[in-house]
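# Breakdown of the fold
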Amino acid sequence: MASINCPECRKKISNTAKHCPNCGYLISLEEVAKLEAEAKRFESKIAYIGLVIVLLLLIPFVKYQLNNPAPTPTQPKETKTSTMAFIQCKEFVKRQLHSPATANFPLLDYASRKDDINTYSIKSYVDAQNGFGATVRTNYTCKVQFLGGSDSAIKNWTLIDLSLTN
Ligand SMILES: [Zn+2]
């Protein structure tokens with residue numbers, strides 16, 4: 001049952017009461033309607049304030065989420081090993097060069113393909129001096145197999161195929 005506040009004594013009374021049981025104030029129908037509307041406005045105001053409070057409480061939480069995005073998952077083992085295949089291929093390529101000390105490999109410019117479990121084909125290039133002291137670019141395709149253990153140790157890799165083209 002809905003209730004309203006008596007306009008005279010402000011006590012809560014039934015909206016169907018003709019007069020206030022506390023102070024005896026006579027309540028007209030218009031007055032009841034007016035008081036009911038007022039009560040409704042008050043309720044919606046409370047709901048609005050509640051919503052604003054909830055939103056204000058959410059701001060720090062949202063800010064925190066924006067400043068601290070979910071940590072990126074650690075690089076999967078697979079990617080690490082294919083990167084290592086590139087690193088080891090560079091060593092195998094160096095052994096074929098006229099002056100390995102002058103070898104200049106690109107940092108990231110290479111294509112890697114996984115041919116089989118633990119077998120990778122790397123396609124890239126190297127700039128190095130030839131027998132005449134001129135720096136030339138050599139493209140290479142290198143196929144290596146990872147034998148297991150630590151993938152950063154060259155002894156754990158086997159060169160399957162290496163082709164160099166100028
Ligand atoms: Zn009253």
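Attention here is on the structure that accompanies the text. This structure is a prediction, so every number in the text was calculated from the model and none was measured.

## Observations regarding the environment of Val 52
Inspection of the secondary structure assignment puts Val 52 in helix H1 (residues 29–67). Judged by C-beta crowding, with 10 C-beta atoms within 10 Å, Val 52 ranks as exposed. Taking C-alpha positions, Val 52 is 68 Å from Ala 101, a pair spaced 49 residues apart along the chain.

## As for the pairing of strand S4 (residues 119–129)
Every second residue of S4 is oriented toward a common face, the buried set being Tyr 120, Ile 122, Ser 124, Val 126 and Ala 128 and the non-buried set Thr 119, Ser 121, Lys 123, Tyr 125, Asp 127 and Gln 129. Strand direction decides the pairing type here: strand S3 (residues 111–116) and S4, joined by 5 bridges, are antiparallel. Note on S4: the bridge partner recorded for Asp 116 is Thr 119. The turn joining S3 and S4, which pair antiparallel and follow one another in sequence, is formed by 2 residues; a positive phi near 70° is taken by Asn 118. One ladder, built from 11 bridges, connects S4 with strand S5 (residues 135–146); its direction is antiparallel. Paired with Val 126 across the strands is Thr 138, a residue of S5. Hairpin connection of S4 to S5: 5 residues between the antiparallel strands, including Gly 133 at a positive phi of 80°.

## As for unusual backbone geometry
Phi is positive for Arg 10, which is not a glycine, with a value near 65°. You can see Arg 10 is positioned in the loop between strand S1 (3–5) and strand S2 (12–14). Owing to 11 C-beta atoms within 10 Å, Arg 10 belongs among the exposed residues under this scheme.

Quick notes on the rules
- Residues numbered from 1 in each chain as written.
- Predicted model: local features only at pLDDT ≥ 70, side-chain atom pairs only at ≥ 80, totals over all residues.
- Helix = DSSP H or I, 4+ residues; strand = E, 2+ residues; numbered from the N terminus.
- Buried ≥ 20, exposed ≤ 12 C-beta atoms within 10 Å, placed from the backbone.
- Pairing = 2+ DSSP bridges.

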